[in-house]
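The residues making up each chain are set out below.
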Amino acid sequence: MRYRQFGKTGWRVSEIGFGGARIGGLLAQDGGRVTSLRLLDAACDAGINFYDTADMYSQGESEILIGKAFRKKRDKIFIATKGGYCLPARKRLIQLIKPFAKPIVRAIGMQRSAIPAALSGTLSQDFSPDYLRSAVEASLRRLHSDYIDLYQIHSPPRHELLGTRLQDALGLLARLKAEGKIREYGIALDSVDDAVHCLGMEGIASLQMPFGLLDPEALDGVFDKVSERQYGIITRGCFGGGRLKQSEADLREIEPKWQRVLRIKRLAEQMQRSPLEAALQFSLGNERISVTILGMRTSQHLAANLQYYATKPLSNEEERELLATVWREGFA
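Residues numbered from 1 in each chain as written. Predicted model: local features only at pLDDT ≥ 70, side-chain atom pairs only at ≥ 80, totals over all residues. Heavy atoms only, no water.

Visitor: Explanation requested: the overall build of the chain in the structure shown.
Guide: Each helix and strand counted, the chain has 13 helices and twelve strands in total. The buried share of the chain, reckoned over its 332 residues, is 53%. In the chain, of all internal contacts separated by at least 6 residues, the share reaching a separation of at least 24 is 78%. (Helix = DSSP H or I, 4+ residues; strand = E, 2+ residues; numbered from the N terminus. Buried < 20%, exposed > 50% of the residue type's maximum accessible area, 1.4 Å probe, protein only. Contact = heavy atoms within 4.5 Å.)

Listed below in structure tokens is the structure:
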């Protein structure tokens, strides 16, 4: 595993990070917690030292699993979690019935999208200092840790970025840093377009944003501006949310960018690479990215990701061809 500087923090983080959104939860299968703990341990053994999660992932179960897996290895890894989303009060009831609901859901083969709203909960956001302090304290308890390496404001909408409330939230995170409860803090964005509104914010150490062959907008000057501020850059969505694995028929039905996806897949085939391999190497080829987050749930996912990682980097010609493909539509 190779490592990169994480902005101005002085940290050396693995080029690929573990995305914790897919571990735990109502629909966790393949052995549940035992499998997840083994997966986390195997990822650490492979040299992955950056673990990205959130308090909302599986209603905190993702944090619990990461905390349990690394209780005795805490100084060997970096944990990045997020806060700002909250669930209604009935989440406590959901947590109580979840162990009984899981076998039923699995038995009938219910898909995540089909879970009733009464079980899934309606999400809202709260970036007030009081709420975020309580969220940080709860994350610390679930992680069984005295500190969080990187705490991220989770997907603030544009009006929050332009308003004063987020400044109050960042002031709270600065105080938590002084208290030793978090080491650094940053912002996880849903849109690359919002990055420019974060460049003048005091104290932040990182920005997280989508980036990949299907979402290359950050190449249009954003990476340059963020790097100038010496922020760590975390990217996610490298594999396009599974779109690079879908058939042409499915893509035509559900994906507006289906023609671009097909061109990328054909080009990867000409390069004698899988589309996912080409996508990961495309992300790794950008040295301004500190860490590329990959979601995984099973040992097979980890093994495949490590295989894509271990392949040879893109040649200059391959990179030019991929760039020409993604630029062709002007990101449309």
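Visitor: Looking at this model, I keep getting lost on the pattern of salt bridges. Mind explaining?
Guide: Tallying each qualifying case throughout the model produces 19 salt bridges. With a shortest N-O distance of 2.3 Å, Asp194 and Arg158 are connected by a salt bridge. Pair noted here: Asp194 is in the loop between strand 9 (182-188) and strand 10 (206-210) and Arg158 is in helix 6 (residues 158-162), with a separation of 36 residues, a long-range link. For Arg158, a relative accessible area of 37% corresponds to the partly exposed category. Measuring nitrogen to oxygen at the nearest pair gives 3.3 Å for the salt bridge that ties Arg243 to Asp215. Of this pair, Arg243 sits in the loop between strand 11 (232-236) and helix 9 (248-254) while Asp215 sits in the loop between strand 10 and helix 8 (222-228); the two residues are 28 residues apart in sequence, bridging distant segments of the chain. No difference in accessibility class separates Arg243 from Asp215, as the two residues are buried. Among the charged side chains, a salt-bridge network with shared partners connects Arg133, Glu137, Glu179 and Lys181. (Salt bridge = Lys/Arg side-chain N within 4 Å of Asp/Glu carboxyl O.)

Visitor: I'm lost on helix 13 (residues 316-327) in this one. Help?
Guide: Residues separated by three or four positions in an α-helix point in the same direction, a consequence of the helix having 3.6 residues per turn. Over its twelve residues, helix 13 extends 16 Å from the first C-alpha to the last, a length consistent with the 16 Å expected when each residue adds 1.5 Å. Within helix 13, the full set of buried residues consists of Glu318, Leu322, Thr325 and Val326. For helix 13, the buried positions fall inside an angular range of 90 degrees around the axis, keeping them on one side. More than 90 degrees from the buried face of helix 13, the exposed residues found are Asn316 and Arg320. Buried residues belonging to helix 13 abut helix 10 (258-270) and helix 11 (275-284). (Expected span 1.5 Å × (residues − 1). Arc of directions from axis to C-beta.)

Visitor: Can you help me understand the pairing of strand 10 in this one?
Guide: Within a regular beta strand, the side chains point alternately toward one face of the sheet and then the other, so they alternate between its two faces. Counted residue by residue, strand 10 has five buried out of five residues, so it is predominantly covered. Side chains Ser206, Gln208 and Pro210 project from strand 10 onto one buried face, and the interleaved Leu207 and Met209 project onto a second face that is buried too. Bridging between strand 9 and strand 10 involves three bridges; their strand directions are parallel. In the sheet register, Ile187 faces strand 10, and the bridge partner there is Leu207. The pairing of strand 10 with strand 11 spans five bridges and is classified as parallel. By the bridge assignment for strand 11, Ser206 is matched with Gly232. After leaving strand 10, the chain enters helix 8 and then returns to the sheet as strand 11, a path that is right-handed. (Pairing = 2+ DSSP bridges. Right-handed = clockwise from strand over helix to strand, strands pointing away.)

Visitor: Would you mind showing me how to read helix 12 (residues 299-310) here?
Guide: With twelve residues, helix 12 should cover 16 Å at 1.5 Å per step; its first-to-last C-alpha distance of 16 Å lies within 8% of that length. Regarding helix 12, the residues found buried are Leu302, Asn305, Tyr308 and Tyr309. An end-on view of helix 12 places all buried positions within 125 degrees of arc, on one side of the element. Projecting away from the buried face of helix 12 at angles above 90 degrees are the exposed residues Gln300, Gln307 and Ala310.

Visitor: Before we go on, may I ask you to explain the confidence of the model for the chain in this structure?
Guide: A low pLDDT means the predicted coordinates there should not be read in detail. Considering every residue of the chain, the mean pLDDT works out to 87; 86% of them sit at 70 or more. The model gives residues 99-120 a pLDDT under 50, and that stretch makes 26 contacts with residues more than four places away or in other chains. (pLDDT = per-residue confidence, 0-100.)

Visitor: Hey, could you run me through the packing of helix 10 against helix 13 in this one?
Guide: For any two helices packed against each other, one specifies the inter-axial angle together with the distance between the axes. It is at 10 Å that the axes of helix 10 and helix 13 come closest, and there the two elements cross at 170 degrees. Here helix 10 is positioned roughly antiparallel relative to helix 13, judged by the angle of their axes. Where helix 10 abuts helix 13, its residues Arg260, Arg263, Ile264 and Leu267 lie against Glu321, Leu322, Thr325 and Val326. Here the residues of the contact of helix 10 with helix 13 are counted per class, giving four nonpolar, one polar and three charged. (Axes fitted to C-alpha atoms, helices over the stretch in contact; angles between N-to-C directions. Parallel < 35°, antiparallel > 145°, perpendicular 65-115°, else oblique. Nonpolar A, V, L, I, M, F, W, Y, C, P; charged D, E, K, R; others polar.)

Visitor: Hey, could you run me through the sheet that holds strand 4 (residues 50-52) in this one?
Guide: Hydrogen bonds along the backbone pair up the strands of a sheet, which may run parallel or antiparallel. Taking strand neighbours around the barrel as the criterion, the eight strands line up as 3-4-5-8-9-10-11-12 in a closed arrangement whose pairing is parallel. Neighbour to neighbour, the strand axes of the sheet diverge by 30 degrees on average, direction disregarded. In this sheet, strand 8 (residues 148-154) lies alongside strand 5 (residues 78-83) in parallel orientation, the contact comprising four bridges. Across the sheet, residue Thr81 finds its bridge partner in strand 8, namely Tyr151. Packing of helix 5 (residues 129-143) onto the sheet brings it into contact with strand 5, strand 8 and strand 9, and relative to strand 8 it is tilted by some 135 degrees.

Visitor: What exactly am I supposed to notice about the packing of aromatic side chains here?
Guide: Pairs of aromatic rings are described using the distance from one ring centre to the other and the angle between the two planes. Applying the stated criterion across every chain, the model contains eight aromatic pairs. Within the aromatic cluster, the residues linked to one another by ring pairs are Phe6, Trp11, Phe50 and Phe78. (Phe/Tyr/Trp six-rings, centres within 6.5 Å; stacked < 30°, edge-to-face > 60°.)

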